[in-house]
Amino acid sequence: MCTYSAIVEDALEEMKQAQHADNADPFSNIFDDDDSYLRENRDTYWSEEDKQVIAPCLGLLKAAKACLKKVSEAVKNHGKVDTLQNITQLDDLGDVTNEISPSVDELVLSLYPPMNYNTVQMNAAKVASVLKKSLEITKSSHVCLESESNWLQFLSGAIDHNMDKVKDLTYGS
């Protein structure tokens, strides 16, 4: 899980850096100066609408990072391998968290121009679905003590909030 957390962190940082560059061209560090004429193509730039869509997608990436961190901590602190049921729960957690990084990668790739809003919405929904599934499995497992369930509710709300924003911004596009 820690490896996936680092990969998600890298994806999040990559998008933050691309978004906060001095220009709207996320490919500016890829092309050589001799290829600058290629960057005149507007398909290599984010529109203002694209930039608005990126914000809640970054929120989903942050939720993925937090989810992996919190689930990893819960497994480390409370994971037990003393019964078949506990082992099965840990296996289920491992399986579902293995899905987070690939879904995050797909979302990040769909955010680069030219942005297809239907693809972004589909990939954001996949991330949200995998994260919600991770939270549900965690909540019903032995690694999540009742006293620690607040972070599950918080992350679930953050996922819903960001997914609703993605839907609103990409609907009908």
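From a predicted model like this one, the values you see are computed outputs, not experimental measurements. (Residues numbered from 1 in each chain as written. Predicted model: local features only at pLDDT ≥ 70, side-chain atom pairs only at ≥ 80, totals over all residues. Heavy atoms only, no water.)

Caption draft 1: The arrangement of the overall build of the protein chain in detail. The helix and strand inventory of the protein chain stands at 6 helices and 0 strands. Written out in order from the N terminus, the α and β elements of the protein chain read α-α-α-α-α-α. Per-residue burial over the protein chain gives 42% buried out of 173 residues. Here the contacts in the protein chain between residues at least 6 apart in sequence split such that 78% fall between residues at least 24 apart. Accessible area for the protein chain stands at about 9,700 Å²; split by element, carbon and sulfur atoms hold 49% of it. (Helix = DSSP H or I, 4+ residues; strand = E, 2+ residues; numbered from the N terminus. Buried < 20%, exposed > 50% of the residue type's maximum accessible area, 1.4 Å probe, protein only. Contact = heavy atoms within 4.5 Å. Areas by Shrake-Rupley, 256 points an atom, 1.4 Å probe, with all protein chains shown as cover.)

Caption draft 2: Structural context of the environment of glutamate 99. In this fold, glutamate 99 is placed in the loop between helix 3 (84-97) and helix 4 (100-111). Judged by relative accessible area, which is 28%, glutamate 99 ranks as partly exposed. Distance from glutamate 99 to leucine 131, taken between C-alpha atoms, is 8.9 Å for residues 32 residues apart in sequence. Sequence-distant contacts of glutamate 99, defined by excluding residues within four places in its chain, comprise Lys126, Val130 and Lys133.

Caption draft 3: Layout of the environment of threonine 83. Inspection of the secondary structure puts threonine 83 in the loop between helix 2 (48-78) and helix 3. Side-chain polar atoms of threonine 83 contact the backbone nitrogen of asparagine 86, separated by 3.1 Å. (Polar contact = N/O pair within 3.5 Å; in protein donor to acceptor, adjacent residues only side chain to side chain.)

Caption draft 4: Region of interest: the pattern of salt bridges. Taken as a whole, this structure holds 4 salt bridges when the rule is applied. Glutamate 48 is paired through a salt bridge with lysine 51; the nearest N and O atoms lie 3.4 Å apart. One end of the pair, glutamate 48, and the other, lysine 51, are both in helix 2, 3 residues apart, so they sit about a helical turn from each other. Judged by its relative accessible area of 54%, glutamate 48 is exposed. (Salt bridge = Lys/Arg side-chain N within 4 Å of Asp/Glu carboxyl O.)

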